[in-house]
Amino acid sequence: MKFLLSLPLTILPLIAYNVFAFSNGTAPPGDLWSSVVFEFSMVSGANFAMVAGDVMITAALFLLFIEMLKATRTGVVALTDHIFSMVVFVIYLVEFLVVREAATSVFFILMTITLIDVIAGFSITISGARRDVSFAHGESHH
């Protein structure tokens, strides 16, 4: 169960992207992501439209926020989270470089979100560990 909790949520957009990209048949890779998912008229009179790529990126940003909350944990669980986040980023990077269907701006942005997860996760954990050490060190003087 702890293994599943350590899986980074940024793997979900990777899975979803691949499911949709590889079920798209022979259409060019970017076509799927530019199709309108929903649109509506604004009070201003403008039309607001979200394409599939925008929806995917928005969902990934929401998952990144949850990952940032998870990064505040310390200990072995946090280390496992960071290792898995790095593995997911490497999967994104390799797929971006070698898979035709991944050569889209949507995939690149998803990969960047995962890189931010890796960097921020380590930064937040290190910052939290320093704070824990300073609190522990400060308490020993009392």
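This is a predicted model, so every value here is computed, not measured.

(A) Focus on a nonpolar patch on the surface. Side chains of M86, V90, L93, V94, L97, V98, F122 and I126 sit close together on the surface and give an oily, nonpolar patch of about 700 Å² of accessible area. Mapped onto the nonpolar patch, the elements with two or more residues apiece are helix 4 (76-98) and helix 5 (105-139). When residues in the nonpolar patch are grouped by element, the largest group, 6 residues, is from helix 4. Inspection of the secondary structure puts L97 in helix 4. Given a relative accessible area of 63%, L97 falls into the exposed group.

(B) Highlighting helix 3 (residues 52-70). Helix length check: helix 3, at 19 residues, gives a terminal C-alpha distance of 27 Å against a target of 27 Å (1.5 Å per residue), a fit within 8%. Looking at helix 3, one finds that the buried residues are A52, G53, M56, I57, A60, L63, L64, E67, M68 and K70. Considered in projection along helix 3, the buried side chains sweep an arc of 150° and stay on one side of the axis.

(C) Region of interest: the side chain of E67. Its place among the elements puts E67 in helix 3. Engagement of the side chain of E67 in a polar contact is seen with the backbone nitrogen of L9, the distance being 2.8 Å.

(D) Representation of the packing of aromatic side chains within the structure. Within this structure, the stated rule accounts for 8 aromatic pairs. A ring pair is formed by Y17 and W33, whose centres lie 4.7 Å apart and whose planes are at 15°; its orientation type is stacked. Taken together, the residues Y17 in helix 2 (residues 11-22) and W33 in the loop between helix 2 and strand 1 (36-41) connect sequence positions 16 residues apart. Aromatic pair Y17 and F107: ring centres 4.9 Å apart, planes at 65°, arrangement edge-to-face. With Y17 in helix 2 and F107 in helix 5, the pair connects residues that are 90 residues apart, well separated along the chain. On the basis of relative accessibility, which here comes to 0%, the residue Y17 falls in the buried class. Here a set of aromatic residues connected by ring pairs shows up, and it is made of Y17, F20, W33, Y92, F96, F107 and F108.

Cut-offs and rules
- Residues numbered from 1 in each chain as written.
- Predicted model: local features only at pLDDT ≥ 70, side-chain atom pairs only at ≥ 80, totals over all residues.
- Heavy atoms only, no water.
- Patch = residues over 30% accessible without salt bridge, like charges linked within 9 Å, V, L, I, M, F, W, Y side chains within 5 Å.
- Areas by Shrake-Rupley, 256 points an atom, 1.4 Å probe, with all protein chains shown as cover.
- Salt bridge = Lys/Arg side-chain N within 4 Å of Asp/Glu carboxyl O.
- Helix = DSSP H or I, 4+ residues; strand = E, 2+ residues; numbered from the N terminus.
- Buried < 20%, exposed > 50% of the residue type's maximum accessible area, 1.4 Å probe, protein only.
- Expected span 1.5 Å × (residues − 1).
- Arc of directions from axis to C-beta.
- Polar contact = N/O pair within 3.5 Å; in protein donor to acceptor, adjacent residues only side chain to side chain.
- Phe/Tyr/Trp six-rings, centres within 6.5 Å; stacked < 30°, edge-to-face > 60°.

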